Amino acid sequence: DTESVTLPNGLIMKFGTVSAPHTGDDLTEVDFDVVFPNAAISAQLTVFQATGNDTIAKINALTTNTLTIRNISATTFVVHWLVIGR
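Computed from a predicted model, the values in this text were never measured in an experiment.

Procedures and definitions
Residues numbered from 1 in each chain as written. Predicted model: local features only at pLDDT ≥ 70, side-chain atom pairs only at ≥ 80, totals over all residues. Heavy atoms only, no water. Helix = DSSP H or I, 4+ residues; strand = E, 2+ residues; numbered from the N terminus. Contact = heavy atoms within 4.5 Å. Buried < 20%, exposed > 50% of the residue type's maximum accessible area, 1.4 Å probe, protein only. Polar contact = N/O pair within 3.5 Å; in protein donor to acceptor, adjacent residues only side chain to side chain. Core = buried A, V, L, I, M, F, W, Y, C linked by side-chain atoms within 4.5 Å.

**A look at the environment of Leu 62**
And then number 1: Within the secondary structure layout, Leu 62 lies in strand E5 (residues 57-62).
And then number 2: Sequence spacing of Leu 62 and Asp 26 is 36 residues, and the spatial spacing of their C-alpha atoms is 16 Å.
And then number 3: When residues no more than four places from it in sequence are discounted, the contact partners of Leu 62 are Phe 32, Ala 40, Ser 42, Ala 43, Leu 67 and Val 83.

Below, the structure written as structure tokens:
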């Protein structure tokens, strides 16, 4: 589930929600529907956790077409993400 907004100054914000399962490699890839034409500048993650357990999500990689999230917890959880680029 991905949304995208282009601001008047040319910055592009992409955001969405994804489930980050605890699997063998613990990586979840978010492929952008439309790539950033020049660069992905910044990414942020917010973990949505309803049970109160400790959860940790990290940005493993960021390119113009993909955000890769690493789940280093022992559970599956939902991550809200935001990427800004040009």
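That shown, we press on.
**Quick word on the side chain of Ser 73**
And then number 1: The topology assignment puts Ser 73 in the loop between strand E6 (66-71) and strand E7 (77-85).
And then number 2: Judged by relative accessible area, which is 7%, Ser 73 ranks as buried.
And then number 3: Polar side-chain contacts of Ser 73 include one of 2.6 Å to the backbone nitrogen of Ile 56.

**Digging into the environment of Thr 6**
And then number 1: Along the polypeptide, Thr 6 turns up in strand E1 (residues 2-6).
And then number 2: Residue class for Thr 6 comes out exposed when judged on its relative accessible area of 56%.
And then number 3: Ignoring anything within four residues of it in the chain, the contact list for Thr 6 reads Leu 11 and Ile 12.

**A look at the nonpolar core**
As a rule of thumb, soluble globular proteins bury nonpolar side chains together.
And then number 1: Membership of the largest hydrophobic core comes to 14 residues, with the highest contact counts inside it found for Val 30, Phe 32, Leu 67, Ile 69, Val 79, Trp 81 and Val 83.
And then number 2: Within the residue set of this core, elements represented by two or more residues are strand E2 (12-20), E6 and E7.
And then number 3: Of all the elements, E7 adds the most residues to this core, at four residues.
And then number 4: Ignoring any residue separated from it by four or fewer positions in sequence, one finds Ile 69 in contact with Val 18, Asp 26, Leu 27, Thr 28, Val 30, Leu 45, Ala 57, Lys 58, Asn 60 and Val 79.

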